[in-house]
Amino acid sequence: MNVADSNRVAAALEKLGYSPTNLPKQADVIVLNTCVVRESAEQKAIGRLTSLKSLKTKNPDLVINLMGCMVGVHGYSELQQRYPYVDVFSQPSDPRPLIDHLQGKDLTTAKHQEISDILDTEFAYELPLTKENTVVSAFLPIVFGCSHACTYCIIPLRRGKEISRPPDEILSDANALVANGVKEITLLGQIVDRYGHDQPGYPKLSTLLRKIHQIEGIKRIRFLTSHPNWMTDDILDAVNDLPKVMPHFELPNQAGDDTVLRNMRRGYTIDQYIKTIDKIKKRLGEVSIATDIIVGFPGETKAQFNRSVDVLKTVKPDMTHVARYSPRPGTYSTRKMIDDVPPEEKMRRFRIIEKLQEQISAEINKKYLGKKVPVFFEGKSKDRWRGRTPTNKLVFVECEENLLGKITDVEVTWAGPWSMIGVVGPASDKQ
């Protein structure tokens, strides 16, 4: 989401005549887009923001914009007191405060009106000019905020309630991205499956997928993050029916014990989660599943943690994003629960999940050895092309041909837990 928001801001700044620089000391405007979903992310943002103070001291005309979840949607007077050198505070996904601030700086009336005319319409999710025709895979938010309110999650507090974007804006943005060279679009939402449920008359996610699928030039479509309660049959039908929609699901379970899930307010049982995974696999065949696990949630016993291990052994996800529980200010778990799992025990559990997932991923990826898979190439990492299979497996190949934005058959010659290496097929296999 922050990558998409940052591109949106950059595109808006270009309309004001700004261009990017890789050196902060050369910048006239610095935008720090922040995440605070975990304490470590917030501390990193604070450290970066603090480091900008010296630049402001040396160059008082420098405009510093703090944006994103660190600012939130419920006021930022405390931040203004702590960081008086910050010029502009912007809520998540909102470039307007920065643009309004810059519009008011040394502009003639005619120029001010010209810029206002350009920016009066809703800010589009588009690529900055510097990335056009070089970025072939882009994120497109379709749902802002979240109303589910898991007890550990700060997103509803910082990004606000769930709001689905108008479908015509989404389709317009998708067409604009394609016009700028994008060939793969990933639709984003904290619970992306709930798109349209908050707005009477809006299409549901399955219908939106079908509309985007019709856009000429799009080769692949993905969506994340899903929720077990909202993974409906019509979504599975859309994935099954639409060749451009990839069979990859980001479907967190967060814990393997029903009591812990109730304390998290996730809204389902482990039995329901496993049945959802089984339904996806039976309906679609070859799919990939990525999940999230939080270890060390308040009150989680060793026995309850072991059930999380058992669920991973049963489900065998392709990827697990594992995190140690960290209290987030204002959340229910921070206000009402005791963070009683010691840090060293959290790390022990973290390592167990990490090692188990490495074994599972290696086992899954070995099945690709010697097989040909269609790989969409996103760019280069050093001297190798980097791409992904339909099931989101990372593949590297060496090839002198320009593969950017192409879907090419690749024979897998090496498979590790986190990536694979292959050789490209004949020219007739390329699209």
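Before any of the text, the structure's been laid out above.
In every chain, residue numbers begin from 1 and rise along the written sequence. Note on the predicted model: pLDDT of at least 70 is required for a residue's local features to be given, and 80 or more for side-chain atom pairs to be given and counted; whole-chain, interface and lining totals, by contrast, use all residues. Calculation of side-chain values draws on the structure's entire complement of heavy atoms; hydrogens and water are dropped beforehand.

### So, unusual backbone geometry
Residues other than glycine predominantly adopt negative phi, and peptide bonds predominantly adopt the trans conformation. Formally: Helical segments are the DSSP runs of H or I of at least four residues, strand segments are the runs of E of at least two, and each set is numbered from the N terminus. Type-normalised accessible area, obtained with a 1.4 Å probe on protein chains alone, sets the label of each residue: buried when under 20%, exposed when over 50%, and partly exposed for intermediate values.
Between L224 and the following residue, T225, the backbone shows a cis peptide bond with an omega angle of 0 degrees. Within the secondary structure, T225 sits in the loop between β8 (220–224) and α10 (233–241). Positive phi, close to 60 degrees, is recorded for A149, a residue that is not glycine. Here the phi dihedral of N392 falls at roughly 70 degrees; this positive angle occurs in a residue that is not glycine. On the accessibility criterion, N392 (22% relative accessible area) is partly exposed.

### Looking at the sheet that holds strand β13 (residues 384–388)
How we decide: For two strands to count as paired, DSSP must find a minimum of two bridges between them. Here an angle of 0 to 180 degrees is reported between the N-to-C directions of two axes, which are lines fitted to C-alpha atoms, with helices fitted over the stretch in contact.
Taken together, 5 strands build a closed barrel; the order of strands is β12-β13-β14-β16-β15 and the barrel is mixed. With strand direction ignored, the average angle separating the axes of adjacent strands in the sheet is 55 degrees. The pairing of strand β12 (residues 372–381) with β13 spans 5 bridges and is antiparallel. The residue of β13 that forms the bridge with F376 is R388.

### Regarding helix α5 (residues 96–103)
Note the following rule: To obtain the arc, one takes the directions from the helix axis to the C-beta atoms.
Considered for burial, the residues of α5 that qualify are L98, I99, L102 and Q103. Buried residues of α5, viewed axially, fall in a sector of 135 degrees; they line one side.

### Remarks on the packing of α10 against helix α12 (residues 270–284)
For clarity, the cut-off: Left-handed is the label given to a crossing in which the near helix is rotated counterclockwise from the far helix by less than a right angle, and right-handed is the label when the rotation is clockwise. By the convention used here, residues are in contact when the closest approach between their heavy atoms is within 4.5 Å.
Close contact between α10 and α12 brings their axes to 10 Å; oriented N to C, the two are set at 35 degrees. Relative to α12, the crossing made by α10 is right-handed. Here α10 contributes D233, L236, D237, V239 and N240 to the contact with α12, which in turn contributes K279, I280, R283 and L284.

### Here's the deal with the pattern of salt bridges
We count it as follows: Here a salt bridge means any side-chain nitrogen of Lys or Arg lying within 4 Å of a carboxyl oxygen belonging to Asp or Glu.
Under the defined criterion, the tally for this structure stands at 23 salt bridges. Linking D100 and R96 is a salt bridge whose minimum nitrogen-to-oxygen distance equals 3.6 Å. On the criterion of helical spacing, the pair formed by D100 and R96 is a turn pair, its members being 4 residues apart in helix α5. The shortest N-O distance in the salt bridge between K275 and D271 comes to 3.2 Å. In this pair, K275 and D271 both sit in helix α12, 4 residues apart, roughly one turn of the helix. Since its relative accessible area comes to 43%, D271 is described here as partly exposed. Each of E300, E345, R348 and R349 takes part in salt bridges that share partners, so that together they form one network.

### Quick look at a positive patch on the surface
This is how the line gets drawn: Patch construction takes residues with relative accessible area above 30% that form no salt bridge. Like charges are linked within 9 Å, and nonpolar side chains (Val, Leu, Ile, Met, Phe, Trp, Tyr) are linked within 5 Å. Using a 1.4 Å probe, the Shrake-Rupley method yields the accessible areas, and only the shown protein chains count as cover for residues. The sign given to each residue is positive for Lys and Arg and negative for Asp and Glu; His and the chain ends receive no count. Each charge is placed at NZ for Lys, CZ for Arg, CG for Asp and CD for Glu.
Taken together, the side chains of K281, K313, K316, K367 and K371 define a basic patch exposed on the protein surface. With respect to the helices and strands, the residue K281 is situated in helix α12.

### Details of helix α15 (residues 343–366)
Filter applied, for reference: Multiply 1.5 Å by the residue count of a helix minus one, and that product is the helix's expected span.
Taking 1.5 Å as the rise per residue, α15 with 24 residues should run 34 Å; its terminal C-alpha atoms sit 35 Å apart, in good agreement. What α15 keeps buried is the set E345, K346, R349, F350, I353, L356, Q357, I360, S361, I364 and N365. Those residues of α15 that are buried lie in contact with β10 (288–295), α13 (302–315), β11 (319–324), β15 (407–415) and β16 (420–424).

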